Amino acid sequence: MLYVVATGRQPSDLTLAGCEVLQKADVVVVKSDKTHIKTMLARLNITNYQTCDALYEEAEDFDQLNLAIADQLTLLCKQHDKVAFCVYGSGADDSTVELLRTSGVPFELIAGVSLEAALPSCSDSRGVVVYTAAQLLQQHDFVTTGGVTVIKAIDDAFVASEVKLKLLTVYDYDSTVQISDGTTVKNILLEELDRQKKYSYCTSVAVLPKELTAKHTHDYCDIATVMRILRAPDGCPWDREQTHMSLRKNVIEEAYELSHAIEQGDTDNMVEELGDILMQVAFHIGIAEDEGEFCASDVYSALCNKLISRHAHVFGQLPKSATAEEALVNWEAAKKKEHKIVDLKHNLQDVPYSMSALMRAQKVQYRAKKGGYDFADIMQAVEKVKEELSEFLAEVDKGDAQLAEKEGGDLLFTAINVLRLAGVDGETALTSATDKFISRVTLCEQELKRSGKTLSQLSMAEFDQLWEKVKRNEKD
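The structure displayed is predicted, hence computed values, not measured ones. (Residues numbered from 1 in each chain as written. Predicted model: local features only at pLDDT ≥ 70, side-chain atom pairs only at ≥ 80, totals over all residues. Heavy atoms only, no water.)

Enquirer: Is there a simple way to explain the overall build of the chain in this structure?
Expert: Check the secondary structure of the chain and you find 19 helices and 10 strands. The C-alpha atoms of the chain give 35 Å as radius of gyration, which overshoots the globular expectation for 476 residues (23 Å, by more than 25%). Across its three principal axes, the chain shows a C-alpha extent of roughly 110 × 55 × 50 Å. Within the chain, the fraction of its 476 residues that count as buried is 34%. Intrachain contacts of the chain at a sequence separation of at least 6 include 60% that bridge at least 24 residues. Summed over all atoms, the accessible surface of the chain reaches about 28,400 Å², with 56% contributed by carbon and sulfur. Of the charged side chains in the chain, 51 are positive and 76 negative; the average position of the first set lies 1 Å away from that of the second. (Helix = DSSP H or I, 4+ residues; strand = E, 2+ residues; numbered from the N terminus. Rg over C-alpha atoms; globule rule 2.2 N^0.38 Å. Buried < 20%, exposed > 50% of the residue type's maximum accessible area, 1.4 Å probe, protein only. Contact = heavy atoms within 4.5 Å. Areas by Shrake-Rupley, 256 points an atom, 1.4 Å probe, with all protein chains shown as cover. Lys, Arg positive; Asp, Glu negative; His and termini not counted. Charge placed at Lys NZ, Arg CZ, Asp CG, Glu CD.)

Below is the structure:
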């Protein structure tokens, strides 16, 4: 039988249960002789034991080391009735113990004192989350919980540097950190974490949270906290009065502002506008929670479930997509299934009214094409534009504003068809044309100011000359 004996962070941490197991074991194996375990065994008069230090030298990485130790322990268990394997800390998060557990190797853990027990902040009322250095560095999306974050087993300066960089993604560089070598504790700044004189298997740190208003680096939990404060009875009256409906236009405006920042290549403004959109998400979640409609986890779950469902070619339900086009086909098929779209009518009606009229027209035309409703080629669409233009002008001549509006809509819808068939995005094209017009008017105004004239003073011929001059300068 294999017994894993956790020995804490110093010789006096060994429990009575651990002491009893070690004294009755047929063979004792020490993970490393370069720890306090050597002193602890000497006090028990146990001098005949094996170490894994030679395996440390041979292994290329910790995964290989743990496999080698597990193999050695398995072999010893076949040769002896009781094998004791000594690890430091509590034993619960030792990497070799984790491998033994996942590999199905039977063992009994004699738990010990944790390495982080030396840190006073581990009793913080706000809660404590504990990682080994290896566990922390494996976190792709590390977030704080508002309490104390403890990282243990920072055994060299390189690991300390990696841990610091990870922590700096969510904590300020001047955050207070308690650091302990297992017996003594001192306070340092987070930026100093990798500048200490000595590190060992017992080196543990606790990052203490700052007050909300003192922080410079924030995460989504902070956004939710700010929104709760703003909507509290003693918070902001305006924020308390808002509803889903009153904020509806804000979501659209923020999306357009982000789009503008992207178009301008303004990354600083992108950061700001993405934050504004995220605020809208937090705002609506806060309102929903107050009204008992849904909570944040409902939103996160809906998004994750949708992404998994619509990427069945990634998450295993379908063969891998070889191209972006194949992936898009899978996405749209999954979307139709989720929205319970059974025919073309439902598919067209599913296009949101809140889109811009141009964008909605494009989307409807795209979906109609899938159902077979489309022009044979672009020239057929061009001829239809001519027809619609003639009908529109006829109604204008009659002075019938209502019919002119109807025919004008047909004209625009058909023109959008022409652009779509040419592979041109109408929204982007119209935005570009509007920007170009603004630029030319600006240049015309500058020319008029230099000449001391106003637009009303120019003849039509003079205006045409001015406009052509501006166009030539624009090309230059």
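The discussion continues.
Enquirer: I keep staring at the sheet that holds strand 6 (residues 128-132) and nothing clicks. Help me out?
Expert: Strands belonging to one sheet form pairs held by backbone hydrogen bonds; the direction of such a pair is parallel or antiparallel. An order of 6-7-10-8-9 is seen for the five strands of this open sheet, with the pairing classed as mixed. If you trace the sheet from one side to the other, it starts and ends with strand 6 and strand 9 (185-189), each paired once. Across the sheet, the mean angle separating the axes of adjacent strands is 25° when strand polarity is ignored. Relative to strand 10 (residues 204-207), strand 7 (residues 148-152) runs antiparallel, the two sharing three bridges. Across the sheet, the residue bridging to Ile-151 is Val-205, located in strand 10. (Pairing = 2+ DSSP bridges. Axes fitted to C-alpha atoms, helices over the stretch in contact; angles between N-to-C directions.)

Enquirer: Would you mind going over helix 13 (residues 324-338) with me for this structure?
Expert: The α-helix winds at 3.6 residues per turn, so residues separated by three or four positions along the chain end up facing the same way. Between its terminal C-alpha atoms helix 13 stretches 21 Å, which fits the 21 Å expected from 15 residues at 1.5 Å a residue. Phi turns positive one or two residues past the end of helix 13, at Lys-340, with a value near 55°. (Expected span 1.5 Å × (residues − 1).)

Enquirer: Even after reading the chapter, I still don't get a nonpolar patch on the surface, so can you show me in this structure?
Expert: Taken together, the side chains of Ile-308, Val-314 and Phe-315 define a hydrophobic patch exposed on the protein surface, amounting to about 260 Å² of accessible area. By secondary structure assignment, the location of Val-314 is in the loop between helix 12 (296-310) and helix 13. Given a relative accessible area of 43%, Val-314 falls into the partly exposed group. (Patch = residues over 30% accessible without salt bridge, like charges linked within 9 Å, V, L, I, M, F, W, Y side chains within 5 Å. Salt bridge = Lys/Arg side-chain N within 4 Å of Asp/Glu carboxyl O.)

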